[in-house]
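Understanding the architecture of this molecule
Okay, here's what each chain looks like letter by letter:
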Amino acid sequence: MREFEVKVEKIKELLSSAEHATTKFQKVYKIGCFSGCGKCCSTESIEASSLEFLPLAEYLWKKGEAAELLEKLKDADSLENCIFYIPNCNDKTKGFCAAYEHRGLICRLFGFSLRQNKNGMNEVITCKEIKEKYSLSNISFKDEEHEFNMSDYYLQLADIDYSRAFKRYPVNKAIAEALNEYAQMNSY
Ligand code: SF4
């Protein structure tokens, strides 16, 4: 296996462990998304690294869909939301991810991961609706093993490729970068 393929495999493992952790988090604290809600994917403000989308890039190049997508992403700045978000109502608050299985790290962690606030307390990185529905400010979140800590996942991503892990772009630009980087790495 070539060096970059090893890198992509490591990212896949990290994405999978983030997936397991957020599933566990939802079970332990009995919280979850509203059925059909896609509000967090409907905003323009999602930022991500290209690195976390390399497994998606690999999938799309192998499937023969990457070149067409790159063409669409040429105008990434004018897109109002992630290119993979498919809204199914007029105000775009309901919809789904067309790349769900291969989505990035932020896509998996947002909603059900933790950060420490300035008082050293764990708080959930999530949307206003979930915070209100589940009265999250009344819950004490424990994370001795750092299993649910978002920064920890990004540190693990940095262990895989330091220079790319913290370079963040608007989500469509991150996807375009990942597609280009994968093509470049695959050509050596
Ligand atoms: S790739 Fe991420 S940001 Fe884009 S629609 Fe899917 S979950 Fe949302």
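Structure: above.
Some points on the packing of helix α1 (residues 3–29) against helix α2 (residues 54–63)
Taken N-terminus to C-terminus, the directions of α1 and α2 make an angle of 115°; their axes are 9 Å apart at the nearest point. Only L54, P55 and E58 of α2 make contact with α1, whose side of the interface consists of V8, I11, K12 and L15. Its residues assigned to classes, the contact of α1 with α2 shows 5 nonpolar, no polar and 2 charged.

Considerations on the nonpolar core
In terms of nonpolar packing, the biggest core is built from 40 residues, with F53, L54, A57, L105, I175, A178 and L179 touching the most fellow members. Going through the elements one at a time, α1, α2, α4 (105–109), α6 (150–160) and α8 (171–186) are the ones with two or more residues in this core. If near-sequence neighbours (up to four positions away) are discounted, L54 is found in contact with V8, I11, A178, E181 and Y182.

As for the pairing of strand β5 (residues 122–125)
Relative to β5, strand β4 (residues 113–116) runs antiparallel, the two being bridged by 4 bridges. Considered in β5, the bridge of R115 is made with E123.

A few points about the site of the ligand
All residues in the neighbourhood of the ligand are listed as C41, I46, C82, F84, Y85, C97, A99, R103, G104, C107 and V171. Of the residues belonging to the shell around the ligand, the class tally is 9 nonpolar, 1 polar and 1 charged.

Section: the environment of L60
Mapped onto the fold, L60 is located in helix α2. A sequence separation of 39 residues divides L60 from A99, and the C-alpha atoms of the two residues are 9.9 Å apart. Aside from chain neighbours lying at most four places away, what touches L60 is E65, A66, L69 and L179.

Rules and cut-offs
Residues numbered from 1 in each chain as written. Predicted model: local features only at pLDDT ≥ 70, side-chain atom pairs only at ≥ 80, totals over all residues. Axes fitted to C-alpha atoms, helices over the stretch in contact; angles between N-to-C directions. Helix = DSSP H or I, 4+ residues; strand = E, 2+ residues; numbered from the N terminus. Contact = placed C-beta atoms within 7 Å. Nonpolar A, V, L, I, M, F, W, Y, C, P; charged D, E, K, R; others polar. Core = buried A, V, L, I, M, F, W, Y, C linked by C-beta atoms within 7 Å. Buried ≥ 20, exposed ≤ 12 C-beta atoms within 10 Å, placed from the backbone. Pairing = 2+ DSSP bridges. Near = placed C-beta within 6 Å.

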